[in-house]
Every structure is written in structure tokens, then in C-alpha cells.
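Below, each chain spelled out in residue letters.
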Amino acid sequence: MLSLEESVRQFIASEQLLTTGDSHLVALSGGADSVALLLALHRLGYHVEAAHCNFRLRGSESDRDEAFARNLCGRLGVAFHTIHFDTRTYASLHKVSIEMAARELRYRYFEQLRQDIGAGGICVAHHQDDAVETLLLNLVRGTGIHGLTGLRPRNGHVVRPLLCVSRAQILHYLNDLGQDYVTDSTNLVADVTRNKIRLQILPLLHDINPAASASIAKTARRMSAVERVFNRSVQASLEQLTENNRLPIGELLQHPAPEYLLFEWLTPRSFTPQQIEQIFDSLDVPSGRIFCSATHQVAVDRGCLVVEECRPQLPTRSIPEPGTYRYTEDEKWRFTLTDGAAISKKPECATLDASSLRFPLTIRPVQAGDRFQPFGMSGSRLVSDYLTDLKLTVFEKRRQLVVTDATGTIVWLAGKRTSQRFAVSTSTRQTLTIEVLKG
């Protein structure tokens, strides 16, 4: 069996994780895993510097860890960087868990330090058992193929040189070197899901099969290969089926794995597995139903799924008299009175008979039940029906603006059609021109 250092050396070479001659940052907590990582890389001849985070969560134990890490680096002649965080305050202000707060603070600091010292990468001490825990955690929460691949050797500038070895190998390595380490007491309590998997689930699996972790890790590596093949096929299918953020439902359902294709389309847009399952089960509902994630919204619309980024609600603006008014940050509207009859056919411009309308005018989004008399027609129509005939999506309909006069009557369906009731004619003595100015 290869020694830990030889296994790590071969793994670094096969995954092209580190470059000899560059400096590398090692995340050093003082625990067994990070101590083994620092020692192995140092003994293999890599130029390393250590970074330690004191999250001030465990009182004197946190200070003990920092002192241990500092002393270890002093003995090895390794540059030592440290930072203190008020983790609880950060978690409260950002409304995240303590665990998530520590993660965000840690990796933000590591990346900034990496840039400051010109390091090639950030080496973290995740090992084979961590990869297995991550796979099981993802499996419990619900995941696609990506979640079954465990941890990757590289994620941007973050590299994991110990993924090739187990926790038992790490402890054996440190014992052989006579190297001590510190223990985070919070890792010994089964109070969070990952700890429950580590302290309760994995021991049960090892009772069934002593090589359970190695077997699961091997499966994860195989799933990584499957994922590469699958992703290529899924990407090709999505490129073929989707256009302008629209996915035809009929063609989706003819795909060999329609629900998974939907999963791969919507997951990058922040939809959860539970939401995607609901969307898939709702494909036969009438048009108009909308599902929202933190960043996007998707709707069933005339036989298609349509997705777009969430946008702020468009405002309502009162226009008391002719002039130029800012509607949104990047859009102004100009209202101009001119003598005589004038007609414009530009889509972002409307010309109306000024004598037939009354100020103040109002710019607002379309509302349910809105009706108007389109130019050239004798009767009124529901705005929603008119927009449907133009084949607008449900999201485009929601963003449609109208201009009304003081009586609440629609004078212009902005960018689409003016109202026949306010049309310019040969008897028009004064024309109101409305222009939408972008930028």
C-alpha cells in the first residue's frame, strides 16, 4: 500500500492540482486533517503558507487552536496568517446559519489572501470520508447526478489534495510522525446533519461492509465519468429544444428523461428539486401558472415553459402636464404638444388628438380587466386578449405598460397600439406626442 505522501503526490500529479515553484495557501485549522495536509505538502517540497481562521465560537478552545497552528508553523518555518471573525454577528446580520456564516467568511478570506500573496491555489483538507459524507448528505436532501459525485479535486482556486486518502490513513500518518493535533469538540456531537452522518450513519455502514467508504468513493468517481457523458448529452438536447428561454412541453415529454432534462435546465436558475418536481407535475395545467425561485420565474405558457430572471415591479407614474419625466432609471418619457395634426409610426412613439384627452395622464402596468379600442377598430377589446394575439408570454404581458388619461381611459398600449378614441384626424388642432426615451 502506498504511503500517504506518495498517494498525495500521485494524486496531485494526476489531477494537476499544484504547480512546483508556485506558493500555495493551506487552510490550517489545527485538526488532524489540515495538519496532515500541511505536513505532507511541506515534506513533498511544495512552498506553502498557512491561513487560520478564529471564528470566536468556542471560547478558549478557539484560542487554543490558533496558538497550536501558530506554533506548528513556527516549528516548520512556514509563514502563518490568521484572522478573527465575529461569526455570530455576521450570521445574524445576513440571516444565515452559523455554519454558513463561517463558510462564507472563511472562503472570502482565503481568496483575498491568495490574491494578496500571489498563491496559485487554496489547499483544503477534505479527504475521502468527507467526499462520502457529502454524497450521502446530497442523497438525503435530494440531488441529481452532480450531487452523487461527492467532492471534486478542484473547484476554481480551491484544491483538495487529500481526496485520495481516508481519515484512518491520515491518523496513521500523523501517529507515525509523532505529530499531535487539536480536536474540535463540536465535531463530536451529532447535532447537525453532517455530524449525524459521520458519527452514526457511516459506522453502521462500516459494520455492514468495512470498506464501505472506499466503495462509495469509488462509485462517486465512476459517477463523475457518467456525469461528463450525461452532461454532454443533456446540453445537446437543451440546445436543440430551447430557444429564447422557451422549452416546448411536447418535445420535452418525448425526451427519454424529461424530468431530469427539466432538472438540468432549472437548477442553474435556483429552482429546488422539490419545485422542479412540482413544475413537472404541472405541465398539463392551463397557461398562466407561475413558479418562482430566488432569482427566476417560470411559467406554463401556450404549450411551452418560459423562464426569465425576476424583475422589480414596474411603477405607476402620474404625468401632470407636458414635459419630460423619468419613469425608471434607464427610461424617460417625453410628452410634447404641437399645433396641427401630426402622425408618427415609430413603435416607441404615439401621436394623439390632444383635445380629446385630459391631464393628468398616468403610466402604469396593465391590469386585469383593462379594455381599450385599438386604432382602426370599431369596438373595444380586452388588453389581455389583444396581447395574446400578439403572442406575448405571460411575463411580457405583465410588463406591458399603458397610458391612461384623467378619466382612466387607455389612450395608448405603449409600444403596440394607440386608442381609436384619441386618434389624430384632419380636424385635430393640437397633437400630443408621447415618446419613450431609452438610456
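Criteria and cut-off values
Residues numbered from 1 in each chain as written. Predicted model: local features only at pLDDT ≥ 70, side-chain atom pairs only at ≥ 80, totals over all residues. Heavy atoms only, no water. Helix = DSSP H or I, 4+ residues; strand = E, 2+ residues; numbered from the N terminus. Rg over C-alpha atoms; globule rule 2.2 N^0.38 Å. Buried < 20%, exposed > 50% of the residue type's maximum accessible area, 1.4 Å probe, protein only. Contact = heavy atoms within 4.5 Å. Areas by Shrake-Rupley, 256 points an atom, 1.4 Å probe, with all protein chains shown as cover. Lys, Arg positive; Asp, Glu negative; His and termini not counted. Charge placed at Lys NZ, Arg CZ, Asp CG, Glu CD. Pairing = 2+ DSSP bridges. Axes fitted to C-alpha atoms, helices over the stretch in contact; angles between N-to-C directions. Salt bridge = Lys/Arg side-chain N within 4 Å of Asp/Glu carboxyl O. Polar contact = N/O pair within 3.5 Å; in protein donor to acceptor, adjacent residues only side chain to side chain. Expected span 1.5 Å × (residues − 1). Bend = angle between axes of the 7 residues up to and from the residue. Phe/Tyr/Trp six-rings, centres within 6.5 Å; stacked < 30°, edge-to-face > 60°.

> Explain the overall build of the protein to me, using residue names and the numbers behind them.
On a plain count of helices and strands, the protein comes out with 14 helices and 21 strands. Against the compact-globule benchmark of 22 Å for 439 residues, the protein has a radius of gyration of 31 Å, which places it well outside the compact range. Per-residue burial over the protein gives 45% buried out of 439 residues. Long-range contacts, defined here as pairs at least 24 residues apart, represent 67% of the contacts in the protein between residues at least 6 apart. For the protein, the accessible area works out to roughly 23200 Å², and carbon and sulfur atoms hold 50% of it. Here the protein contributes 50 positively and 48 negatively charged side chains, and the mean placements of these two sets differ by 5 Å.

> Go over the sheet that holds strand E3 (residues 79–84), please, and point to the residues and values.
Strands sit in the order E3-E2-E1-E4-E6-E5 across an open sheet of six strands; the sheet is mixed. Of all strands in the sheet, those with a lone pairing partner are E3 and strand E5 (154–155), marking the two edges. When strand E2 (residues 47–54) meets E3, the two strands line up parallel, connected through six bridges. Bridge pairing links asparagine 54 to histidine 84 in E3. Sheet strands in contact with helix H2 (residues 32–43) are strand E1 (23–27), E2 and strand E4 (122–123), and its direction is about 160° off that of E1. Lying over the sheet, helix H5 (residues 98–117) contacts E1, E2, E3, E4 and strand E6 (158–159), oriented at roughly 145° with respect to E2.

> Can you explain the pattern of salt bridges? Please cite residues and give values.
Per the counting criterion, the structure on display carries 18 salt bridges. A salt bridge links arginine 167 to aspartate 33; the shortest N-O distance between them is 2.7 Å. Taken together, the residues span a long stretch of sequence, with arginine 167 in helix H7 (residues 167–177) and aspartate 33 in helix H2 at a distance of 134 residues. A residue is classified by how much of its surface remains accessible, and arginine 167, at 31% relative accessible area, is partly exposed. Taken together, the shared-partner salt bridges connect Arg58, Glu61, Arg64, Asp65 and Asp184 into one network.

> How would you summarise unusual backbone geometry if you had to cite specific residues and measurements?
In the segment running from phenylalanine 359 into proline 360, the intervening peptide bond is cis, with an omega of 5°. Non-glycine residue arginine 56 carries a positive phi angle of around 55°. Its place among the elements puts arginine 56 in the loop between E2 and helix H3 (60–76). Look at serine 270: it is not a glycine, yet its phi comes out positive at around 75°. Along the chain, serine 270 falls in the loop between helix H11 (258–266) and helix H12 (273–281).

> Tell me what's going on with the side chain of glutamate 331, and back it up with residues and numbers.
Mapping glutamate 331 onto the fold places it in strand E13 (residues 331–339). A distance of 2.5 Å separates polar atoms of two side chains, one belonging to glutamate 331 and the other to lysine 438.

> Any chance you could break down helix H8 (residues 193–208) for me, citing the residues and the numbers?
Under the 1.5 Å per step criterion, the end-to-end length of H8 is 21 Å for 16 residues, consistent within 8% with the ideal 22 Å. The largest bend in H8 amounts to roughly 35° and is located at isoleucine 201, with the proline proline 203 lying one to four residues further along. Listing the buried residues of H8 in full gives Asn195, Ile197 and Leu202.

> Give a detailed account of the packing of aromatic side chains, specifying residues and quantitative values.
Applying the stated criterion across every chain, the model contains 11 aromatic pairs. Their ring planes at 80° and their centres at 6.3 Å tell us that phenylalanine 85 and tyrosine 109 sit as a pair that is edge-to-face. Placement of phenylalanine 85 in the loop between E3 and helix H4 (87–94) and of tyrosine 109 in helix H5 is noted, with a sequence separation of 24 residues between them. Of the two residues examined, phenylalanine 85 and tyrosine 109, each falls in the buried class. Chaining the aromatic ring pairs together yields one cluster made of Phe55, Phe85, Tyr107, Tyr109 and Phe110.

> Tell me about the sheet that holds strand E9 (residues 296–301), and please be specific about residues and values.
Taken in spatial order, the four strands of this open sheet run E7-E10-E9-E8, and their pairing is antiparallel. Taken across any chain shown, the strands that pair with only one partner, and hence form the sheet edges, are strand E7 (246–248) and strand E8 (290–292). Recorded for the sheet is a direction-independent mean angle of 20° between the axes of neighbouring strands.

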